Amino acid sequence: MRNLRSISALLAATVAFTTPVFADEHLKVTDEPLTLDIHFHFRDRVVYDNNWPVEKRAAELTGVSLNNVASLASTSSQEAFNLLIASGDIPDIVGGDSLKDKFNLYGPQGAFLPLNELIEEHAPNIKAFFDENPDLLKAAQAADGNLYYIPYLPDGKFARAWFVRQDWLDKLGLEAPDNVDELYEVLTAFRNQDPNGNGKKDEIPYFARQWPELLRLLVLWDGRSTGTDAAHGFYVEDGEVKHPYTGENYKIGISNIAKWYKEGLIDPEVFTRGARTREELLGNNVGGMTHDWFASTSGYNVSLADEVPGIDFRAFLPPKSVSGKRIEENRRTLLKPDGWAIGHTNENPIETIKYFDFWFTEEGRRLANFGLEGEQYDLVDGKPQFKDEVLNSDSPVNAQLWAIGAQIPRGFFMDYSYEEQWTNEIALEGIKLYESEDLLIPEFLGVSMTPEEQEVYDRYWSSILTYMLEKQQAWILGSGDVEAEWDSYNAQLERLGYDKVMEVMNTAYDRQYGE
Amino acid sequence: MSMRETVGPATEELVAEAKESQRDRFRRRAVWLGDHMRREWQIYLMLLPVLIWFVVFLYKPMYGLQIAFKDYSIFRGVAGSPWIGFEHFQTLFGNDQFLRAIKNTFIISSLSLLVGFPVPIILALMFNEIRNERYKRTAQTIVYLPHFISLVIIAGIVISVFSPSTGVINLALQKLGFEPIYFLTRPEWFRPIFIGTGIWQEAGFQSIVYLAAIAGVNPSLYESAVVDGASRWQMMWKITLPSILPTIIIMLIIRIGNLLEVGFELIILLYQPATYQTGDVINSFIYRQGLQGAQYDLAAAAGLFNAVVAFILVMAANTISRRVSKTSLW
Amino acid sequence: MTNLYSRGDRLFVIANMVLVGLFTISTLYPFLYILAVSFSSGFAVTSGQVFLYPVQLTLAAYEKVLSEPMFWTSYGNTFIYTFGGTLMSLLLIVPGAYALSRPQLIGRRFWNLFVAFTMWFNAGLIPFFLNMRDLGLLDSYFGIIIAFAVNGFNIILLRNFFESIPKSFEEAARMDGANEFQVLWKVFIPLSKPALATITLFCIVSRWNGYFWAMVLLRSEDKIPLQVYLRQTIIELTADDEFAVTLLNADYSFETVSAAIMICSIIPVLLIYPFVQKYFNKGILLGGVKE
């Protein structure tokens, strides 16, 4: 009897031990276990950890394990990367965040291997992804037409939204503003009618944690504030690259913003208030409206419920512009400059690209997004569902996932449904509201320039942008008048080389996205 | 008889003597050197480790100064990057904003020197006049604290002190009947605020050098002055200050050498596009340029420009000082 | 003894103390502010309630900081770098400055220029880094200690002080048959206590605050100093844009934790100064030689 039991125990153990391997044999990338060195340093704080459960699982499945060689002392990912390149000891894989321009600069110089052929022959899943999204492939490539890195591809549409104190609207008997004129009325009402009820005119109708979010107001006069993930970026209109801080609509927009600023509708200290803006202004019950990230901003309703009773800070649809257009300029980017590349000294490029490809398979994608089955999530009707312990923990879900090696910016395709599961109710409502209309506009995914083009850009652009921002701030603050200075502004831009920069931008753009 | 024969033994002797004395001189020098080394070898031994240190750690990598003249790629390295001569300098000097940055750097630095240089000295002198040891020691410790507080905090404090709505300065202004001023967006206020912050932060720490120098003054000088009936004030002027003058001069020369070095960290934290016109300095300008992609070469060119100008200033100051006061850096 | 203080003198002394007092209070403020933040709750700080004294008093920040093993490791490392670094600096600088102050040194002006030159011209980050790598000094305690042991400023300062010591002291010693080492050890060092104390303080302070090169040259986590750890902690607790988690109700926030770490790193610096101040007493023991 005992023998039978021990034999069945042994059998069970053997089956349990070998089942995953048997079931996912097709994911194996190499027969002999292979270790690759990786330098992976991101967000100034995280370094690849050989002991991450996700890494271990991936090693089990593919036969490839990664060994970190990045410094644990560095507090700057960019600096760590630069030193790595300077030292010449480039490992098998190099990755991190905000590296696209560097990959595309040093790749053509020989630091990284071009991936196009490797993908064509050995990475069917990546190939399939790029076949479906040819624009993303174009956007990621370097000026010589080669792809040097596998990017981190976010999923999900919206990023920031317009938020307003619905409870103040209710108190004043107003509706969420539908167009720019109503917006003006609402902000004025917030300023003058004392919605926080303390008898003092201390309300700050429109505030912004990051002052470029103030410039989102420009879309109300059919201007733009940026076309990229970052502030002050270029945008594309009718196949042409342009910059938002030029043009008639910009002038009209700025003069209106200046007027609103003067009337006290915009936070007077918007330029210096800084990272604590939401806590300060919402926490002290003086902030009325902003444009900021869905999830985090909605969270204040919960965290401030005691401090500010009745607070109802929720998303509302972007107001229509003067021409009747309703757009949400900010979207989640489709292509991040994060990801990983193959170092030129790598002796196993084929296995490496297959390993990269693993993350685009169904299992790999799930591993990268959700973690380990049975630990972080369970499969319910074939869809991963986070366990209750994960969703109800003190630590935010994404922090928990980073701690095990999931959701890190390796080259993978994110899955929005992971985020949806722990986004708070109010944010989800807001997102649904935004999805109900056609609000998004095409994103400008950047260009890769040849060394000559880059030189022109480097030479002129920084000074041009500096000048633009100087004038912009002066106009908003009222120490300058945009109408009066408009002609000299444009003349100066030309003198600073604006046309030259736009020329190389468009040449690069046509080359990159053309055909 | 031929001319040659007239170059007779006398001349030959002269020539031989000349050569002899040349060799003599050389031999005498060598002997003197040998003697000198035999006597003074210990000094050279003491100097050697430091010199080796400088060569190994600071002089050896100085080939990197070339980066200012190259189209530098970190990957290709200094040797592998092409030489482009003065192109970076042309780029910089062709840029009005860079020229403006130079102007701002110079103005901020010289004002800082004019107003700020005496402050630690005065502070040290004032400390010197305090009789109560405990008060003196405590105060000294406190005033040197801001040096240790990270610039982010200091900037945060400055921003809130000058805030138009809640800052103490504006509250005081309003009490006096004035309108509040958004100081940190006004170009005319940037320099005073920045310079003032710098002085306030560093005065205590910088006074330490002078306190040490004052401590080295021979006390018998004071004793005889007391006997002569001098007041505290006179003693300070006639004894203390002159005694620490060499230290002051050295510090002044070094400070002059730092005329183009306005640290960018605090600038970046305090400036706004609206105050670039008075607040943008060389280092903050380069910082913004560099953000466009680790432009080490451009930064190196600006740095080299800084260093050369600074060094010329220092050499001038040093030479003047050497002639006038016999104190100098070298 | 006649009355030492005249009326004018007394006024002078009082005005002096008042001015010094005012200045001291103003410089005390940031320290008090950080102290207050470190003992306040995260919420109080982020909503801007803390100015001078703690609001919602809590030890949560200190608990978090002191419970992390990395805090203690990095604290210990800082002591190693500071002590080792300062010792190494003194060993190199003191004899060097002495030698440079001797008038009989051949090429004295040249050597001084050699030293001073490096105060303005340096090779840049990457070449310095590559040099360290070639010397095999990356990721090592010794590397950090030796590579930043000397700077021109300290040498020149000390040399200047040595030069101001009257010749009579030196001559007295030489008459007794002392060699250069003995002169340095028995005469110059005791007479230069204030200057040595100053240099030591500067070395200690610079080592204690040093983080940039530690960050660049080190690779293993167990060697990092306190300032690097502080920076890592601040960055780690600073919320990402996209996933900014509101820690409004947390007992600690990144501000209170970084304030706690800052206080922990300032305390030793506060304690060091009184020791150094002892050497600033006027009247060095001159004993033995009259001017």
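Note that this is a predicted model, so its numbers are computed, not measured.

Undergrad: Sorry, what's going on with the overall build of chain A here?
TA: Counting secondary structure elements, chain A contains 21 helices and 14 strands. For 515 residues, the compact-globule estimate of 2.2 N^0.38 gives 24 Å, and chain A sits close to it at 26 Å. With the C-alpha coordinates of chain A rotated into their principal frame, the extents come out at 85 × 60 × 40 Å. Relative to its full complement of 515 residues, chain A shows a buried share of 48%. Restricting the contact set of chain A to residue pairs at least 6 apart, pairs at least 24 apart contribute 77%.

Undergrad: Honestly, the interface of chain B and chain C in this entry has me stumped. Any pointers?
TA: A common way to report how large an interface is uses the accessible area buried once the components associate. Across the contact, 62 residues belong to chain B and 72 residues belong to chain C. Breaking the side of chain B that touches chain C down by element, the ones donating at least two residues are α2 (9–59), α6 (118–128), α7 (133–143), α8 (151–161), α10 (187–215), α12 (232–257) and α16 (296–325) of chain B. For the side of chain B that touches chain C, the element with the most residues is α2(B), which contributes 11 residues.

Undergrad: Just to check I follow, could you spell out the environment of C:Glu221 for this structure?
TA: Within the secondary structure, C:Glu221 is located in the loop between α12 (212–217) and α13 (226–237). Of the residues examined, C:Glu221 has 16 C-beta atoms within 10 Å and is grouped as partly exposed. A C-alpha to C-alpha distance of 14 Å links C:Glu221 and C:Glu68, two positions 153 residues apart in sequence. In this structure, C:Glu221 is in contact with A:Leu72 and A:Ala73, ignoring residues within four places of it in sequence.

Undergrad: Explain the packing of helix α10 (residues 248–262) of chain A against helix α19 (residues 451–477) of chain A to me, please; I cannot follow it from the model alone.
TA: Residue and element names in this part refer to chain A. Two numbers describe how α10 lies on α19: the axes approach to 7 Å, and their chain directions differ by 45°. Judged by the inter-axis angle, α10 sits oblique to α19. Contact with α10, carried on its side by Ile-254, Ile-257, Ala-258 and Tyr-261, involves Gln-472, Trp-475 and Ile-476 of α19 and no other residues of that element.

Undergrad: Would you explain the pairing of strand β4 (residues 93–96) of chain A in this entry?
TA: The two faces of a sheet get side chains in turn, since along a regular strand they alternate between them. All names here are of chain A. Of the two faces of β4, the one lined by Ile-93 and Gly-95 and the one lined by Val-94 and Gly-96 are each fully buried. Of the strand pairs in this sheet, strand β1 (residues 34–42) and β4 are connected by 4 bridges, and their pairing is parallel. Paired with Ile-38 across the strands is Ile-93, a residue of β4. Pairing geometry for β4 and strand β12 (residues 339–342), over 4 bridges, is antiparallel. Across the sheet, the residue bridging to Val-94 is Ala-341, located in β12.

Undergrad: Would you mind going over the interface of chain B and chain A with me for this structure?
TA: Contacts between the two partners involve 25 residues from chain B and, on the opposite side, 23 residues from chain A. Here the residues of the side of chain B that touches chain A sort into 10 nonpolar, 13 polar and 2 charged.

Undergrad: How should I be thinking about α6(B) in this particular structure?
TA: Each turn of an α-helix holds 3.6 residues, which means side chains three or four residues apart point in the same direction. Of all the residues in α6(B), the buried ones are B:Pro120, B:Ile121, B:Leu123, B:Ala124, B:Leu125, B:Phe127 and B:Asn128. Here the buried face of α6(B) lies against α7, α10 and α12 of chain B together with α1 (7–38) of chain C.

Undergrad: What should I look at first to understand the domain arrangement of chain A in this one?
TA: Residue and element names in this part refer to chain A. Examined at the domain level, chain A breaks down into domain 1 (21–153 + 342–414), domain 2 (160–316) and domain 3 (451–513). Between the C-alpha centres of domain 2 and domain 3 the distance comes to 26 Å. In this assembly, 14 residues from domain 2 lie in contact with 15 residues from domain 3. Of all elements in the fold, only β9 (240–242) and α10 reach the threshold of two or more residues within the side of domain 2 that touches domain 3. Ranked by the residues each element gives to the side of domain 2 that touches domain 3, the list is headed by α10, at 7 residues. Grouping the constituent residues of the side of domain 2 that touches domain 3 by class yields 8 nonpolar, 3 polar and 3 charged.

Undergrad: Where do I start with the confidence of the model for chain C in this structure?
TA: As a note on interpretation, predicted positions should not be read in detail where pLDDT is low. Residue and element names in this part refer to chain C. Confidence along chain C averages 84 in pLDDT terms, with 90% of residues attaining 70 or more. For the stretch residues 283–291, pLDDT sits under 50, and the model shows 7 contacts to residues farther than four places along the chain or on other chains. Listed scores for the predicted complex are pTM 0.87 and ipTM 0.85.

Undergrad: Just checking my understanding: could you explain the nonpolar core for this structure?
TA: In summary, soluble globular proteins display a tendency toward joint burial of nonpolar side chains. Of all hydrophobic cores here, the largest spans 300 residues; its most connected members are A:Ile85, B:Leu211, B:Ala212, C:Leu158 and C:Ala214. With 13 residues, α10(B) is the largest single contributor of residues to this core. With residues near it in sequence (within four places) discarded, B:Ala212 still touches C:Pro194, C:Ala195, C:Ala197, C:Thr198 and C:Phe280.

Undergrad: How should helix α16 (residues 397–404) of chain A be read in this particular structure?
TA: Within α16(A) the residues assigned to the buried category are A:Val397, A:Gln400, A:Leu401, A:Trp402 and A:Ile404. Following α16(A) by one or two positions, A:Gly405 adopts a phi angle in the positive range, close to 100°.

Undergrad: It is not clear to me how unusual backbone geometry should be interpreted in this structure. Could you clarify?
TA: Generally, phi is negative for residues other than glycine and the peptide bonds are trans, each holding for most cases. Residues and elements named next belong to chain A. In the Ramachandran plot, Ser-98 falls in the positive-phi region, its phi being about 55° despite a non-glycine side chain. Looking at the element boundaries, Ser-98 is found in the loop between β4 and α4 (100–109). A tally of 15 C-beta atoms within 10 Å means that Ser-98 is categorised as partly exposed. Residue Asp-381 is not a glycine yet carries a positive backbone phi of 55°. With respect to the helices, strands and loops of the structure, Asp-381 is situated in the loop between β13 (377–380) and β14 (383–386).

Undergrad: Is there a simple way to explain the packing of helix α9 (residues 167–175) of chain C against helix α10 (residues 180–191) of chain C in this structure?
TA: For any two helices packed against each other, the geometry comes down to the angle between their axes and how far apart the axes lie. All names here are of chain C. Where α9 meets α10, the closest approach of the two axes is 10 Å, and the angle between their N-to-C directions is 155°. Classified by the angle between their axes, α9 and α10 sit roughly antiparallel to one another. Seen from above, α9 lies across α10 with right-handed handedness. Every residue of α10 that contacts α9 at Phe-169, Glu-170, Ala-173 and Arg-174 is listed here: Val-183, Lys-186, Val-187 and Leu-191. Grouping the constituent residues of the contact of α9 with α10 by class yields 5 nonpolar, no polar and 3 charged.

Conventions adopted
Residues numbered from 1 in each chain as written. Chains lettered and ligands numbered in written order. Predicted model: local features only at pLDDT ≥ 70, side-chain atom pairs only at ≥ 80, totals over all residues. Helix = DSSP H or I, 4+ residues; strand = E, 2+ residues; numbered from the N terminus. Rg over C-alpha atoms; globule rule 2.2 N^0.38 Å. Buried ≥ 20, exposed ≤ 12 C-beta atoms within 10 Å, placed from the backbone. Contact = placed C-beta atoms within 7 Å. Axes fitted to C-alpha atoms, helices over the stretch in contact; angles between N-to-C directions. Parallel < 35°, antiparallel > 145°, perpendicular 65-115°, else oblique. Pairing = 2+ DSSP bridges. Nonpolar A, V, L, I, M, F, W, Y, C, P; charged D, E, K, R; others polar. Domains from an automatic or database assignment. pLDDT = per-residue confidence, 0-100. Core = buried A, V, L, I, M, F, W, Y, C linked by C-beta atoms within 7 Å. Left-handed = near helix turned anticlockwise from the far one by under 90°.

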